[in-house]
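What the coordinates show
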Amino acid sequence: MTEAQDEFKNIQRKDGLQIWTISKMKMVPVPEQAFGNFFEGDCYIILYVSNSTTQATDIHYWIGNTSSQDEQGAAAIYVTQLDEYLDGSPVQYREVQGCESPKFKSYFKSGLIYKKGGVGSGFTHVETNMYNIQRLLHVKGTKHVTAKEVEVSWSSFNLGDIFLLDLGKAIIQWNGPQSNRQEKLKAVLLAQDIRDRERGGRAQIGVIEGGQEEASADLMKIMKSVLGQRTVNLKEAIPDDKPDQHQNSIVKLYHVSDVSGQLLVQEVAASPLTQDLLCSSDCYFLDHGGNSIMVWKGKGASDEERRAALSRAVGFIKAKNYPSNTKVEVMSEGGESAMFKHLFKSWKEKGQTQGLGKIHTVGKIAKVDQVKFDVMELHAQPKLAAQERMVDDASGHVQIWRIENLELKEVDRSTYGQFYGGDCYLVLYTYNKANKPQYILYMWQGRHATQDEVTACAYQAVNLDNKYNGAPTQVRVVMGKEPRHFLAIFKARLIIFEGGTGRAGVVNPDPGARLFQVRGTHEMNTKATEVPARASSLNTNDVFLLKTPQTVYLWYGKGCSGDEREMGKAVADLLSGQDKQNVMEGQEPAAFWVALGGKAPYASDKRLEKEVSPHNPRLFECSNQTGRFVMTEVFDFSQDDLDEDDVMLLDTWEEICLWIGNSANQYEIQESYSSAVDYLKTHPAGRDPGTPISTVKQGYEPPTFTGWFNAWDAHKWSGGLSYEEMKSKLGDISQITVNLNNTDLNKKTGGGVGNYSAPGGPGNIRSHNQRMSSSITSAHADQSPIRTKPFGIHNSELAQTPNVNQLRQGQDPGKREEFLTDAEFENLLGCSRNNFQRLPKWRQNDLKKKAGLF
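Scope of this entry: the structure provided in the associated data block. Throughout, residues of each chain are indexed from 1 in the direction in which the sequence is written. A pLDDT threshold of at least 70 governs which residues receive local features in this predicted model, and a stricter bar of 80 or more applies before side-chain atom pairs are shown or counted, although totals over entire chains, interfaces and linings include all residues. Here the side-chain values reflect all heavy atoms present in the structure, with hydrogen atoms and water set aside.

Some remarks on the overall build of the protein chain
- Scanning the protein chain from N- to C-terminus turns up 22 helices and 34 strands.
- Each of the 854 residues in the protein chain was classed as buried or not, and the buried ones make up 52%.
- Pairs of residues are marked as contacts when any of their non-hydrogen atoms sit within 4.5 Å. Taking the contacts inside the protein chain whose residues are at least 6 apart along the sequence as the reference set, 67% of them involve residues at least 24 apart.
- In the form shown here, the protein chain has an accessible surface area of approximately 38900 Å², with 48% of it arising from carbon and sulfur atoms. Secondary structure elements are taken from DSSP: a helix is a run of H or I of four residues or more, a strand is a run of E of two residues or more, and numbering for both begins at the N terminus. Exposure is judged per residue with a 1.4 Å probe applied to protein chains only, and the accessible area is read against the type maximum: over 50% gives exposed, under 20% gives buried, and values in between give partly exposed. Residue-level accessible areas treat just the shown protein chains as cover; the underlying method is Shrake-Rupley with a 1.4 Å probe.

Describing the sheet that holds strand β24 (residues 495-497)
- The pairing criterion is simple: DSSP has to find at least two bridges between the two strands. Pairing within the open sheet is mixed, and its seven strands lie in the order β20-β24-β26-β25-β27-β28-β29. Every interior strand has two partners, whereas the edge strands, β20 (418-420) and β29 (580-584), have only one. Adjacent strand axes in the sheet meet at a mean angle of 25 degrees, parallel and antiparallel pairs treated alike.
- Pairing between strand β27 (residues 543-547) and strand β28 (residues 552-556): five bridges, direction antiparallel. Interaxial angles span 0 to 180 degrees and are taken between N-to-C directions of axes, which are lines fitted to C-alpha atoms, for helices over the stretch in contact.

Considerations on the pairing of strand β1 (residues 16-23)
- Within β1, seven of the eight residues are buried, leaving the element largely enclosed by the surrounding structure.
- Where β1 lies against strand β2 (residues 26-29), four bridges are found, and the strand directions are antiparallel. Across the sheet, residue Ile-22 finds its bridge partner in β2, namely Met-27.
- Count of turn residues in the β1/β2 antiparallel hairpin: two residues, of which Lys-24 carries a positive phi of about 55 degrees.

Some words on the pattern of salt bridges
- We define a salt bridge as a contact between a side-chain nitrogen of Lys or Arg and a carboxyl oxygen of Asp or Glu at a distance within 4 Å. A full pass over the atoms with the stated rule returns 20 salt bridges.
- Asp-161 is the partner of Lys-140 in a salt bridge, and the nearest nitrogen-oxygen pair spans 3.2 Å. Linking Lys-140 in strand β8 (residues 135-140) with Asp-161 in the loop between β9 (146-150) and β10 (162-166), this pair joins segments that are 21 residues apart in sequence.
- Note that Arg-447 is salt-bridged to Glu-498, the shortest N-O span being 3.0 Å. On the criterion of sequence distance, the pair formed by Arg-447 in the loop between β22 (436-445) and α11 (451-467) and Glu-498 in the loop between β24 and β25 (514-519) is long-range, its members being 51 residues apart.

Focus: the side chain of Asp-287
- With respect to the helices and strands, Asp-287 occurs in strand β15 (residues 283-288).
- The side chain of Asp-287 sits in the buried core without any salt bridge; Lys-320 is the nearest counter-charge, 4.8 Å away.
- Leaving out residues up to four positions away in the same chain, Asp-287 has contacts with Ile-250, Val-251, Lys-252, Tyr-254, Ser-292, Ile-293, Phe-316, Lys-320 and Tyr-322. Charge assignment: positive for Lys and Arg, negative for Asp and Glu; neither His nor the chain ends contribute.

Some remarks on helix α13 (residues 562-575)
- Between its terminal C-alpha atoms α13 stretches 20 Å, which fits the 20 Å expected from 14 residues at 1.5 Å a residue.
- Taken as a whole, α13 has its buried residues at Glu-564, Met-567, Gly-568, Val-571, Ala-572 and Leu-575. All buried residues of α13 project into a common sector of 145 degrees when viewed along the axis, lining one side.
- Looking at the buried side of α13, the elements it contacts are β24, β25, β26 (527-531), β27, β28 and β29. A helix is expected to span 1.5 Å for every residue after the first. This arc is built from the directions going out from the helix axis to the C-beta atoms.

A few points about the packing of aromatic side chains
- Aromatic pairing here means that ring centres of Phe, Tyr or Trp (its six-membered ring) are within 6.5 Å. Orientation follows from the plane angle: under 30 degrees is stacked, over 60 is edge-to-face, and everything else is tilted. Tallied over the entire structure, the rule returns 34 aromatic pairs.
- Judged by centre distance (5.8 Å) and plane angle (50 degrees), the ring pair of Phe-38 and Phe-104 falls under tilted. On the criterion of sequence distance, the pair formed by Phe-38 in strand β3 (residues 37-39) and Phe-104 in helix α3 (residues 102-106) is long-range, its members being 66 residues apart.
- Classification of Phe-38 by relative accessible area gives buried; the value is 1%.

Structural notes on the sheet that holds β10
- Spatially, seven strands are ordered β3-β7-β9-β8-β10-β11-β12 in an open sheet, and the strand pairing comes out mixed. Either end of the sheet is taken by a strand with one partner, and the two such strands are β3 and β12 (204-209). Averaged over all adjacent pairs, the angle separating strand axes in this sheet is 25 degrees, with direction ignored.
- Of the strand pairs in this sheet, β8 and β10 are connected by five bridges, and their pairing is antiparallel. Note on β10: the bridge partner recorded for Val-139 is Ile-162.
- Strands in contact with helix α4 (residues 181-198) are β3, β7 (112-115), β8, β9, β10, β11 (170-175) and β12; relative to β10, the strand with the most contacts, it is inclined by about 20 degrees.

As for the environment of Trp-174
- By the secondary structure assignment, Trp-174 is in strand β11.
- Once the C-alpha coordinates of Trp-174 and His-138 are considered, the two residues, 36 residues apart in sequence, prove to be 10.0 Å apart.
- With residues near it in sequence (within four places) discarded, Trp-174 still touches Phe-157, Asn-158, Asp-161, Ile-162, Phe-163, Ile-208, Gly-210, Glu-213, Met-223 and Leu-234.

Focus on unusual backbone geometry
- A positive phi is found at Ala-394, a non-glycine position, where the angle reads about 65 degrees.
- Phi is positive for Ala-492, close to 65 degrees, though the residue is something other than glycine.
- Tracing the backbone through its elements, the reader meets Ala-492 in the loop between α12 (484-488) and β24.
- Taking the relative accessible area as the measure of exposure, Ala-492 reaches 8% and is therefore buried.

Looking at the environment of Arg-514
- Residue position: Arg-514 is located in strand β25.
- Residue classification places Arg-514 among the partly exposed residues on the basis of a relative accessible area of 22%.
- In the structure, Arg-514 is positioned 31 residues away from Leu-545 in sequence and 8.1 Å away in space, judged by C-alpha atoms.
- Residues in contact with Arg-514, not counting those within four places in the same chain, are Phe-497, Glu-530, Leu-545, Leu-546 and Lys-547.
- Any pair of N or O atoms that falls within 3.5 Å is considered a polar contact. Within protein, one atom must be able to donate a hydrogen and the other to accept it, and sequence-neighbouring residues count only if both atoms are side-chain atoms. A polar side-chain atom of Arg-514 sits 3.0 Å from a polar atom in the side chain of Glu-530.

Printed below as a string of structure tokens:
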């Protein structure tokens, strides 16, 4: 390990990415400006440390399609040693070119570029930071983009994808006639990323719409001068890889042992799995339907077992005849990935207590205390608002309708809070946010309501939603699964009757004795639910109300708190004006047991409160842009991943939320709800099918949704750039001209870039920015106020770019953007001054940094 420690001595556990390529069996750092470029003949090791408080660490090793077996072996060994060097806490992932995990792709927001060449293939690394480039990139994907170098020929094109013809100082984007707007936008962003990172901003971008080539005649001349005349029809669109719409619910757990000197793999259990199946002294394979293999290493497993885990997983894949590109994750006990935990019915973190119910806590818990929820914390901690599913302090306006004869009938306000299992209700909650009304529409479905009433409830919800121009957030509430905010708006007056109806004039049958279970510690979280009037319904941890024709018994279990007893009294007063008789558990009068039909065993284990579920939220894109409806997971998601053309599904474990983009088509909207229901039904962990499902419209997101996204920008939808706007910001690019006969045209200008090696490959890793800086300084050495003309643009179309490093006397270097003309401002920052001012400060600074103004 001494040699390995020398190899890793410069590795820092800092937030973000660090990447190495394997060269001559050694780890060689890849410069930051080359991140996202991968040579097909090489292997890479990627270390990612999240910026969360836990600093979760992941190690990926990437295998190029033409990399050598020796390089692949070296990469696997280094990954194992790096894992040990970092105390075994990282999760390890095996990535194969073209089949990378969404988590891996999420690190490279602009996309992945596969480049020909590499040490293992015998080719040399192409010097792509130079300008003497001529290559064709085949671009695919809408959420996670990949670009592969292909033959520079018309035969590489097809009608459905996007292609970038990279000529060094000019990048021409050709959009297939069947490509969609999101694909076009992602390709433009990739082209800009190549220009900014690899060419120091010194390249022009042109766009050709494949279905309207005549509108870009000058650009087509350039393409034909490189590719020749097009003599054959272009190929039909190539279908995108289609992730399975339905997750694979088949999960098997295998025990791995080498006690006999031979590898023995034995099946332990199939889904749904429980955490107690994992023994700390062993290693396990979790086979997710052949889609991926997860390796779990117990803390007590031998060093040899732990080191061999990765190679054994690859051997398991071969033995099962799974594809060679099957994904592999390796993790240690205590450092499990979020996806691994999601495949178990329940998961308890170290130090977390067990039991029923849940409490509100902030941060790690040293001891478990009941903490009253403070609504003021919602604004200071958006994630807390999302976890608690509270949009406000529940002081807004409430309106309730019951479904009667398939129509809406307004409910008498004096009965607000009383819900009958034979009915369906619509509850409209109105609150203000930034002096603007916001709406939540709850659809409460009784367990015994007819199918016609349930259908009518959904239909009337659509009508009510249309009345408010689509602004309400819609939440389906299954009886008994009421979310916290729903409880809060009734201020401890929520009583749920098992059957019957609240309709006027209808006499419900007299059930005799009725038993209600009361749960809650204050008016914001209390409800009373009718349960069968039998002794077996009792629970030592709760308060129960037993209502008989003669009296009302308030039964206090030994495990309930003083606050719970107080809420029981308040609910009892609502339920009946009769005298109340307090009954302590173990001191019940004979009449109490007679009313319940006699004594019987009931839940009597003392309950310990449980913290909110440790499961991390997951985001999925729901789209039919490829021709059929598919759901694709988005890892390490942010607000930028919410696609206006699609429906997104956010799974917070406690709730499913459907986000509807403004441009989502009707088919996607219709399919998304049924897909959410199927998602719960087919979840490997055996999820509760009654989990609440809510619907949120773009621009009307409540805090219970936005809190799951870091640094949510409420003005994003008004300031974000569409594909058409992004394209127009490139200027009038129809005048780009390239003199292909000029052999000096594509050679670098200005100060030399030295012997810098290609992005993605090993070599001199001196800062590219330093070299570009010397190049720019050299170009402006004469301090002349006359700006040089960007490559290939006629004088009449010159998009002048200011030298932002030159300041006039008295100018504030922190406000350089104020001294730009409007044209310069838009050219550098990509938006108008007005839109820029509407952005939050962090977003303004981010744009200024990228433009070199900060």
